[in-house]
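So you can see what is in the structure, the chains are spelled out below.
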Amino acid sequence: MTLRKHTPVLFMIVALLALTLCGGCAQSDTSNSSDSDDTQQEQQSDTKTITDAYGRQVEVPTQVNTAATVGSGARLVVYAGGKYKLIAVTDMETNPGMNRPYAMAYKDLFADLPSTSNGNHLNQTNVNAEQLMQLKPDTIISSRSADECDQLQQTTGIPVIGVSYQNQLFSNGIYDSISCVGEALDTQDHAQSVISKMKEWKQDLDNRIASVPQDSKPSVYVGAINYRGKKSWTGTYAHYTPTDILQANNVADSTGQDGAIDVSLEQIGQWDPDYIFLDAANSDVIDQDYENNPDFFSNLSATRSGNLYTQPSYNFNGTNVGTGICDTYFIGATIYPDAFSDVNLDDKYREIYTTMLDGYDFYTDMQQNGETFSTFPPLS
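A brief report on the enclosed structure follows. Please read these numbers as outputs of a predicted model, since none were measured by experiment. (Residues numbered from 1 in each chain as written. Predicted model: local features only at pLDDT ≥ 70, side-chain atom pairs only at ≥ 80, totals over all residues. Heavy atoms only, no water.)

A tally of helices and strands in the chain yields 17 helices and 13 strands. Per-residue burial for the chain yields a buried fraction of 47% across its 380 residues. Intrachain contacts of the chain at a sequence separation of at least 6 include 65% that bridge at least 24 residues. Accessible surface, the chain: about 18000 Å² in total, of which carbon and sulfur atoms supply 48%. (Helix = DSSP H or I, 4+ residues; strand = E, 2+ residues; numbered from the N terminus. Buried < 20%, exposed > 50% of the residue type's maximum accessible area, 1.4 Å probe, protein only. Contact = heavy atoms within 4.5 Å. Areas by Shrake-Rupley, 256 points an atom, 1.4 Å probe, with all protein chains shown as cover.)

In structure tokens form, the structure reads like this:
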């Protein structure tokens, strides 16, 4: 009788104990599951995926603190605002020249860094993979081909971000290259501000060109453009990027070719362009050709009318994008003076260089070194 009487109570006590124990199990399971999720998320956040300029999917550390460069990758690191993360560059940066504004702007920074390779942008690059593995940068920025990026990544075990921007000024290629470097180095805001400014310049140029009647565009010849060696008057470029942007009448386009070409003096005489732009860095061979044939050059329409100009070349071991944009403004203001009448070119050059070079005023360096955008010195 007594046992039966207390059976419901005992049952309830047992049931409550069972529920408590199960609850504890459930809580323990939930806790373990939560811990597992946190660990998984932590593991997942150790890396991030970067799509480089070749469309390659590259896993880099979530926080990239150090980078090294191959080819002319350092130029893009400067453009993207990540120069202080560099721990190794190339011979081209440790031995800078005025033909590489980014390297001259930060020559003191680069001078103390070890060299990873000879730094050739398109030709064969001898990379010191062993040194890279010893330095252990979080990532490598390379301007070499996609295949070479893959090979270097496999050899070193270090993620390699590829950039591709040869002879590009306003293109998805250059925008993507700056963007992916900024994303990899955690300097996205700076990179995007540079890209936004470039797009602003492109829109400004387009708006100005739109006001120029097609039938009033003069003929233009761009000479002394280096390609695999020094060139004089006859070294030119069909579909030269600045003249293409300006929709200018580049006489070399009539050859039906694309890129660097050599033409004859006879061909230049037949074209007899209204304007000629030459690379002053080659003034020695330009002057020598003139001395060999003064009557020919003196009788060109551009020479007789004072429309012979000098400008810096924008391609040297990759494309100096800032210089190329400055060249475009200079040619535009020269051949379409009315459309560019409100542009202060000195201010514009300074704006372009300080934007592309992370605040560095390279235009003042150019002026001090006698490298400007101007009429060509009188031929003797």
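This part covers the state of the cysteines. All told, the structure shown has zero disulfides when counted by the stated rule. We note that Cys-149 lacks a disulfide partner, and the nearest cysteine sulfur, in Cys-180, lies 9.8 Å from it. Taking relative accessible area as the criterion, Cys-149 reaches 1% and is therefore assigned buried. (Disulfide = S-S within 2.5 Å.)

If you trace the backbone, Arg-350 turns up in helix H16 (residues 345-356). Since its relative accessible area comes to 25%, Arg-350 is described here as partly exposed. Residues Arg-350 and Phe-362, 12 residues apart in the sequence, show an inter-C-alpha distance of 7.3 Å. For Arg-350, the contacting residues outside a window of four places in its chain are Asp-361, Tyr-363, Thr-364 and Gln-367.

Side chains Ala-67 and Thr-69 project from strand S3 (residues 67-70) onto one buried face, and the interleaved Ala-68 and Val-70 project onto a second face that is buried too. Relative to strand S5 (residues 139-142), S3 runs parallel, the two sharing four bridges. Looking at S5, one finds that Thr-69 is bridged to Ile-141. (Pairing = 2+ DSSP bridges.)

What follows deals with the sheet that holds strand S7 (residues 219-223). Reading across the sheet, the five strands line up as S9-S7-S11-S12-S13 and stay open at both edges, with mixed pairing between neighbours. Strands with a single pairing partner mark the edges of an open sheet, and in this sheet they are strand S9 (249-250) and strand S13 (374-375). Pairing analysis gives four bridges linking strand S11 (residues 275-279) to strand S12 (residues 308-311), with the strands arranged parallel. Bridging across to S12, Ile-276 finds its partner in Leu-308.

Closest axis-to-axis distance for the helix H15 (residues 321-335)/H16 pair is 9 Å, and the angle between their directions is 160 degrees. By the angle class used here, H15 and H16 are roughly antiparallel. Handedness of the H15/H16 crossing: right-handed. Counted together, Val-321, Gly-322, Thr-323, Ile-325, Cys-326, Tyr-329, Phe-330 and Ala-333 of H15 and Leu-345, Lys-348, Tyr-349, Ile-352, Tyr-353 and Met-356 of H16 form the full contact between these two elements. Taken together, the residues that form the contact of H15 with H16 break down as 11 nonpolar, two polar and one charged. (Axes fitted to C-alpha atoms, helices over the stretch in contact; angles between N-to-C directions. Parallel < 35°, antiparallel > 145°, perpendicular 65-115°, else oblique. Left-handed = near helix turned anticlockwise from the far one by under 90°. Nonpolar A, V, L, I, M, F, W, Y, C, P; charged D, E, K, R; others polar.)

With that settled, consider the environment of Pro-218. Structurally, Pro-218 is set in the loop between helix H9 (188-209) and S7. Among the residues examined, Pro-218 registers a relative accessible area of 12% and is labelled buried. Once the C-alpha coordinates of Pro-218 and Pro-273 are considered, the two residues, 55 residues apart in sequence, prove to be 7.9 Å apart. Setting aside residues no more than four positions away along its own chain, Pro-218 makes contact with Asn-249, Asp-274, Tyr-275, Ile-335 and Tyr-336.

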